[in-house]
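The residues making up each chain are set out below.
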Amino acid sequence: MTEISTAPSNIPAAPDRSPLAADAELVGAAVAAAGRGMVDRETVAEVVMLCAVAGEHLLVVGAPGTAKSEAVRRIAGQLGGRYFEYLLGRFTEPNELFGPVDLRGLREGRVEFETAGMLPEAEIAFLDEVFLGSTAVLNTLLGLLNERVFRRGRTVLASPLRICVGAANHLPEDPALAAFADRFLARVFVEPVADARLEELLEAGRRPAAAPAAHGTPGGMLAAVDRLAAAARACDLDEVTPLVGTALRRLRGAGVPVSDRRAVRSQKLVAAAAVLDGRTVASARDLWVLPLVAPTADTQALARDTLADLVEKSANRSLVHAAEELSRSTAARAERLAHTGTALLAEHRGLPEGRDSRLRLEAALREIDAGFDPAELPAPLAGIRAELVAAVTPS
């Protein structure tokens, strides 16, 4: 397990912003930094952050070579804290994850384990090929993931684990693994980068990965996540509860399997989305998270279609790509385009004289114009568009 001390933020909190909004802004900057330089993997990084605030675990499913591991490592680097990563196999022994037997205690007749630097003491964990673990490994993991308590022999340890991300090439077909898989509330399904973005992928692959930037926030990025998690636990869900109930009934009616346990826990994702948007009261704006609880890629697509009218106003200031991907709403698209435009303008202005990013600015302008009628352009996005036009217009 390694100690990761990283994460951005070059966006200072405005003095009149609430502490909650300041933390959400800080975390949003960390997510943006994690996704920078990666192509079409921003949603993975953003859902990792969402789950860390919600206190839930995430399963990332995709073919080999689709940058699942890289996306998780980058956001873990931004989160900071004690990090544990392991590639599981059929012959992985429990002590490779949980620590070896304490030989001194064993000589005295006690079966205890040395957990220092191992999974039970991690704050962020990533388990690749998670379904390949043996029965002994998965049974121990089950309790750790569900209760945040490690029990083995005489060792009983409260785990500081905020989130465990599991990765797999495909979902397991063995029904015996269903109970274990259900511990991962949210699921993200990763496809290879689309052909239209291959040049962008090739260019990104030539660039060296940027070293994580040290940050100066007291207590670190993980402290901001913990404050947001506490706010999520206290989030007011009364207004949105009838909408969540309607959404879950629709999902079940459409054939998307949602167990009672997953239905109840889905509220934690809604609350996390609200606080990451800078609010203590959840609303229809936060319903975009609900497709994440659908168990397969097909049922997730079905969930998006089934809930289209309920999530049409969904968006999130900190998690712009995930909100757009899961809701397909115009509000979320506007939020993401405004976020992208602001970042491009800041980068453009910071370039040395003689270099510019005109092509990228023009591409952002084209996307705005293709997605919105000029008369219906949201005011914040209209302002960004005007700045983009000024930036690409010859002086």
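One can find the structure itself at the top, above this paragraph.
Residues numbered from 1 in each chain as written. Predicted model: local features only at pLDDT ≥ 70, side-chain atom pairs only at ≥ 80, totals over all residues. Heavy atoms only, no water.

### Notes on the side chain of E123
Along the chain, E123 turns up in the loop between α5 (103-107) and β4 (124-128). For E123, the side chain forms a polar contact with the main-chain nitrogen of R82, separated by 2.7 Å. Ignoring any residue separated from it by four or fewer positions in sequence, one finds E123 in contact with G81, R82, P160, L161, R162, I163 and L222. (Helix = DSSP H or I, 4+ residues; strand = E, 2+ residues; numbered from the N terminus. Polar contact = N/O pair within 3.5 Å; in protein donor to acceptor, adjacent residues only side chain to side chain. Contact = heavy atoms within 4.5 Å.)

### Some points on the environment of R154
Mapped onto the elements of the fold, R154 is located in the loop between β5 (149-152) and β6 (155-158). Accessibility expressed as a relative area gives 56% for R154, which makes it exposed. When the C-alpha atoms of R154 and E112 are compared, they prove to be 5.4 Å apart, with 42 residues separating the residues in sequence. (Buried < 20%, exposed > 50% of the residue type's maximum accessible area, 1.4 Å probe, protein only.)

### Re the side chain of R187
Tracing the sequence through the fold places R187 in strand β8 (residues 186-190). Although buried, R187 forms no salt bridge, and the nearest oppositely charged side chain, D182, lies 5.1 Å from it. In this structure the side chain of R187 is engaged in a polar contact, spanning 3.0 Å, whose partner is the backbone oxygen of A181. Each residue touching R187, except ones within four places of it in the same chain, is listed here: L58, L59, L171, A181, D182, R262, L292, A294, P295 and Q300. (Lys, Arg positive; Asp, Glu negative; His and termini not counted. Salt bridge = Lys/Arg side-chain N within 4 Å of Asp/Glu carboxyl O.)

### A word on the packing of aromatic side chains
Inspection of the entire model under this criterion finds four aromatic pairs. Relative to F150, the ring of F98 lies with its centre 5.5 Å away and its plane at 25°, an arrangement referred to as stacked. Taken as a pair, F98 in helix α4 (residues 94-98) and F150 in strand β5 lie far apart in primary sequence, 52 residues in all. Relative to F180, the ring of F131 has its centre 6.1 Å away and its plane inclined at 90°; by these criteria the two rings are edge-to-face. Separated by 49 residues along the polypeptide, F131 in the loop between β4 and α6 (135-147) and F180 in helix α7 (residues 178-181) bring together distant segments of the chain. (Phe/Tyr/Trp six-rings, centres within 6.5 Å; stacked < 30°, edge-to-face > 60°.)

### Remarks on unusual backbone geometry
Apart from glycine, the bulk of residues carry a negative phi angle, and the bulk of peptide bonds sit in the trans form. Residues other than glycine seldom take positive phi values, yet D40 does so here, at roughly 60°. For D40, a relative accessible area of 37% puts it in the partly exposed group. Phi at A67 takes a positive value of approximately 65°, unusual for a residue other than glycine. A relative accessible area of 32% places A67 in the partly exposed class.

### A short note on the pattern of salt bridges
According to the stated counting rule, one finds 26 salt bridges in the structure shown. The shortest N-O distance in the salt bridge between R336 and E367 comes to 2.6 Å. You can see R336 sitting in helix α14 (residues 330-350) and its partner E367 sitting in helix α15 (residues 358-371), a full 31 residues away along the chain. Judged by relative accessible area, R336 falls into the buried class, the value being 11%. Put simply, D277, R279, R285, D286, R317 and E335 are held in one network by salt bridges that share partners.

### Quick word on the nonpolar core
V27, L50, L58, L269, W288, V289 and L292 are the most contacted members of the largest nonpolar core, which has 78 residues in total. In this structure W288 touches L50, A273, V311, S314, A315, N316, L319, A322, A323, L326 and S327, once residues within four positions along its chain are discounted. With 27 residues, the next largest nonpolar core counts V61, F98, L119 and A168 among its residues. (Core = buried A, V, L, I, M, F, W, Y, C linked by side-chain atoms within 4.5 Å.)

### Looking at the pairing of β5
The sheet contact formed by β5 and β6 spans four bridges and is antiparallel. Each bridged residue has a counterpart across the sheet, and for R151 the counterpart in β6 is V156. Where β5 hands over to β6, the hairpin turn is made up of two residues, of which G153 adopts a positive phi near 60°. (Pairing = 2+ DSSP bridges.)

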